[in-house]
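Analysis of the macromolecular model
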Amino acid sequence: MTIIRVTCDSGHVIDLKPEEVSIIEGGTKFTFFCAECALGIEKRADPKILGILQSAGVKEGPAKLPEPDQHDVSAPAFTEDDLIDFHFTMDDDLEELLS
Ligand SMILES: [Zn+2]
């Protein structure tokens, strides 16, 4: 199996499989995930690097990144109103069960 050795912006040396690397922005950059930094890293790809990546089997497109540990911060926060709605829903269900 081909292993691509890359260095992230913080100097971590990472061995990646071709499917863990992606060519982006029309072949001018490539991207991968550094587990040490817990960050997606973007690197500039000159034509020589691009050729190496492509011959290793790296495809163009979004990288297959691991599932992030943190919650989706763009999701709406759980508010007191949500809790009240939840209770109403529970009561409705209970009434349905009792009727
Ligand atoms: Zn790193």
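Our subject in this report is the structure included herewith. The numbers attached to residues start from 1 for each chain and follow its sequence in the written order. Per-residue local features are limited, in this predicted model, to residues with pLDDT of at least 70; the limit for side-chain atom pairs, both in listing and counting, is 80 or more; totals at the level of whole chains, interfaces and linings are taken over all residues.

Section: the pairing of strand E3 (residues 21-24)
Quick reminder of the rule: A pair of strands counts as paired when DSSP detects no fewer than two bridges linking them. Helix and strand definitions follow DSSP, with helices as H or I runs of at least four residues and strands as E runs of at least two, each counted in order from the N terminus.
Where E3 and strand E4 (residues 29-34) come together, 4 bridges link them in antiparallel fashion. Within E4, the position partnered with Ser-22 by the bridge is Thr-31. From the end of E3 to the start of E4, which pair antiparallel, there are 4 residues, and Glu-25 there has a positive phi angle of about 50°. Bridge count for E3 against strand E6 (residues 59-60) is 2 bridges, and the pairing is parallel. Directly across from Ser-22, in E6, lies its bridge partner Lys-59.

Focus: the sheet that holds E4
Within the open sheet, the 4 strands sit side by side as E5-E4-E3-E6. Their pairing is mixed. The open sheet terminates on both sides in strands that have one partner only, identified here as strand E5 (39-44) and E6.

A word on the nonpolar core
The line we're drawing: Only buried Ala, Val, Leu, Ile, Met, Phe, Trp, Tyr and Cys residues enter a nonpolar core, and they are joined through C-beta atoms within 7 Å. For every residue, the other C-beta atoms within 10 Å of its own C-beta are counted; 20 or more classify it as buried, 12 or fewer as exposed, and values in between as partly exposed. C-beta atoms are placed from the backbone. Note on contacts: residues are paired as contacts if their backbone-placed C-beta atoms lie within 7 Å.
Of all hydrophobic cores here, the largest spans 8 residues; its members are Val-21, Ile-23, Phe-30, Phe-32, Phe-33, Ala-45, Leu-53 and Val-58. Contributions of two or more residues to this core are made by E3 and E4. Per element, the largest residue contribution to this core is 3 residues, and it comes from E4. Once residues within four sequence positions are removed from consideration, Leu-53 is found in contact with Ile-4, Val-21, Ile-23, Phe-30, Ala-45 and Val-58.

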